[in-house]
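Given next are the chains, with one letter for each unit.
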Amino acid sequence: MGILQRAGYAFTSEPEEADVMIVNTCGFINDAKKESIDTIFETATLKDGKLQGVVVTGCLSKRYKDVLFDEIPEADVFLGTENYHHIVEAVETAFRGERRTFFETENINYENEDRVLTTYPHSAYIKIAEGCDNRCAYCAIPFIRGNYRSRTMESIVDEAKILVSRGVKEITLIAQDTTQYGVDIYGKARLPELLKKVAAVKGVAWLRVLYSYPERVTDELLETIYTTPNIVNYLDMPIQHFSDSVLKAMNRKSSYASVTALLKKLREHYPDMTLRTTLLVGFPGESKQDFDRLLKSVKETEFDRLGCFAFSREEGTKAFDMPETVSEKEKEKRREKVMAAQADISLAKNKACIGETIRVIIDEYDDDIFMYIARSEACAPESDGKVYVSSPEPLKIGEFYDVIITNAEYHDLMGEINE
Ligand code: SF4
């Protein structure tokens, strides 16, 4: 978007007003692929109106680069994930009604001062690395995004400074595996050092890091998160499963013993750290006993946040050739059981907040319900719940306030300004 803006293009959120539409696709699992393809077709119907061309980019485009151009003539130009430097050429080609692809292997360079934020103006993600060297048996991302490539600390810190100078107060560091940061370019993992450097940028009020691989969550990382005042007390650590045989088949480095030991340490030494995880059910070979162990561990651990996915068989992955042993219906049943257990945990935890005063950042005002929508540091943008705030006085979007919690739901909290 920054490159297009510099070239003089303007953006619209109204599809009917666009001369060219860019569909940024996801190609990770079946549901995402379907949604991406539906969106491309839906977008192309606007060619009956003002729309001149459709550009398709992102993971689906890269993953199926050999077939989509022929199979979807409704779209004009296809780009791979690393070919965004050609976005102006792509848009111009589509505008002329011509068709072509951009899939050459290119270096990724995020040093772009003209970044356009699509998030709230006070909150931004910074991608610290691209690709992944882990080869989880179910995951297509390493084939789509390539091996792990860290950005330099200097470029990440510079980006944080630029974002803060434009009003960003909350920064979320992301990568496919943030805990591997630095191994490729510095010879060792340097996430704690990176966190300290970004936290030291004047104006960063909340710094968060997502997607930590359990086996690489070190004491140094935990201490850095816990003791640096503007790094939020939040750990997102996808565990995927609790059964040794399933973890092994998934090609994960964790075991039941290693994960439970880490969780015990977290709860004992860092009791107020918000803990988020992601689980995958229905992997080939997952027996009823394996699933029962997972469900029991979810109930015992009482994660603060949890997402659970059903296994999706993806071409090119190791798991694609494994015989499916759990039916689609059973996968969904298992997923629902985990989410139901978590909903009860989440409700109980939220209810325990009633009467407490917590600090929130105001994201927006919802004039249908006459309430502000905010988040505490325990809520990552987009993925976690919200705090709905009522206030007799107008509040400033992007500002921090203290709120007394008055009511709780499964995922969200309600509160009033603490005057
Ligand atoms: S760590 Fe994440 S991105 Fe990397 S292979 Fe495993 S699931 Fe995929």
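One can find the structure itself at the top, above this paragraph.
This structure is a prediction, so every number in the text was calculated from the model and none was measured.

We now examine the overall build of the protein. When its secondary structure is counted, the protein shows 14 helices and 17 strands. For a compact globule of 419 residues, the expected C-alpha radius of gyration is about 22 Å, and the protein comes in at 22 Å, within 12% of that figure. The C-alpha extent of the protein, read off along each of the three principal axes, is 60 × 60 × 45 Å. The burial tally for the protein puts 52% of its 419 residues in the buried class. Of the roughly 19,800 Å² that the protein leaves accessible, carbon and sulfur atoms contribute 51%. Separation of charge centres in the protein, based on 53 positive and 71 negative side chains, amounts to 6 Å.

Right, let's talk about the sheet that holds strand β3 (residues 77-79) for a bit. Spatially, the 4 strands line up as an open sheet ordered β1-β2-β3-β4, and their pairing is parallel. Since the sheet does not close on itself, it has two edges, and those belong to β1 (20-25) and β4 (100-102), each with one partner. Mean inter-strand twist for the sheet, computed between neighbouring axes without regard to direction, equals 15 degrees. Bridge count for β1 against strand β2 (residues 53-58) is 6 bridges, and the pairing is parallel. The partner of V20 across the bridge, within β2, is G53.

This part takes up the packing of aromatic side chains. Each aromatic ring pair is described using two quantities: the centre-to-centre distance and the angle formed by the ring planes. Scanning all chains against the criterion turns up 8 aromatic pairs. Seen in terms of ring centroids, W206 and F400 are 5.0 Å apart; in terms of plane orientation they differ by 70 degrees. Their pairing is edge-to-face. You can see W206 sitting in strand β9 (residues 206-209) and its partner F400 sitting in strand β16 (residues 400-408), a full 194 residues away along the chain. Per residue, the accessibility class of W206 equals that of F400, and both read buried. Feature note: the residues Y138, F283 and F311 constitute an aromatic cluster, connected by ring pairs. Positioned above the aromatic ring of F69 is the side chain of R99, whose terminal nitrogen or guanidinium carbon lies 3.9 Å from the ring centre. Over the ring of Y234 we find R208; its NZ or CZ atom is 4.7 Å from the centre of that ring.

Within the fold, G385 resides in the loop between β14 (371-376) and β15 (387-390). Sequence-wise, G385 and T301 are 84 residues apart; in three dimensions their C-alpha atoms are separated by 19 Å. What G385 contacts, discounting residues up to four positions off in sequence, is R375, C379, H411 and D412.

Further remarks concern the sheet that holds strand β10 (residues 234-236). Across the sheet, 3 strands lie side by side as β10-β11-β12; this open sheet has parallel pairing. Looking at strand neighbours, the two that pair on one side only are β10 and β12 (305-310), the edges of this open sheet. Across the sheet, the axes of successive neighbouring strands diverge by a mean angle of 10 degrees, strand direction being ignored.

Here we come to the site of the ligand. Looking at the ligand, the residues that line it are C132, N134, C136, Y138, C139, I141, P142, Q176 and R252. Residue composition of the shell around the ligand, grouped by class: 6 nonpolar, 2 polar and 1 charged.

A few words now on a nonpolar patch on the surface. A surface patch of nonpolar side chains, amounting to about 330 Å² of accessible area, comprises Y365, F370 and I397. By the secondary structure assignment, F370 is in the loop between β13 (357-366) and β14.

Conventions and cut-offs
- Residues numbered from 1 in each chain as written.
- Predicted model: local features only at pLDDT ≥ 70, side-chain atom pairs only at ≥ 80, totals over all residues.
- Heavy atoms only, no water.
- Helix = DSSP H or I, 4+ residues; strand = E, 2+ residues; numbered from the N terminus.
- Rg over C-alpha atoms; globule rule 2.2 N^0.38 Å.
- Buried < 20%, exposed > 50% of the residue type's maximum accessible area, 1.4 Å probe, protein only.
- Areas by Shrake-Rupley, 256 points an atom, 1.4 Å probe, with all protein chains shown as cover.
- Lys, Arg positive; Asp, Glu negative; His and termini not counted.
- Charge placed at Lys NZ, Arg CZ, Asp CG, Glu CD.
- Pairing = 2+ DSSP bridges.
- Axes fitted to C-alpha atoms, helices over the stretch in contact; angles between N-to-C directions.
- Phe/Tyr/Trp six-rings, centres within 6.5 Å; stacked < 30°, edge-to-face > 60°.
- Lys NZ or Arg CZ within 6 Å of the ring centre and 35° of its normal.
- Contact = heavy atoms within 4.5 Å.
- Near = heavy atom within 4 Å.
- Nonpolar A, V, L, I, M, F, W, Y, C, P; charged D, E, K, R; others polar.
- Patch = residues over 30% accessible without salt bridge, like charges linked within 9 Å, V, L, I, M, F, W, Y side chains within 5 Å.
- Salt bridge = Lys/Arg side-chain N within 4 Å of Asp/Glu carboxyl O.

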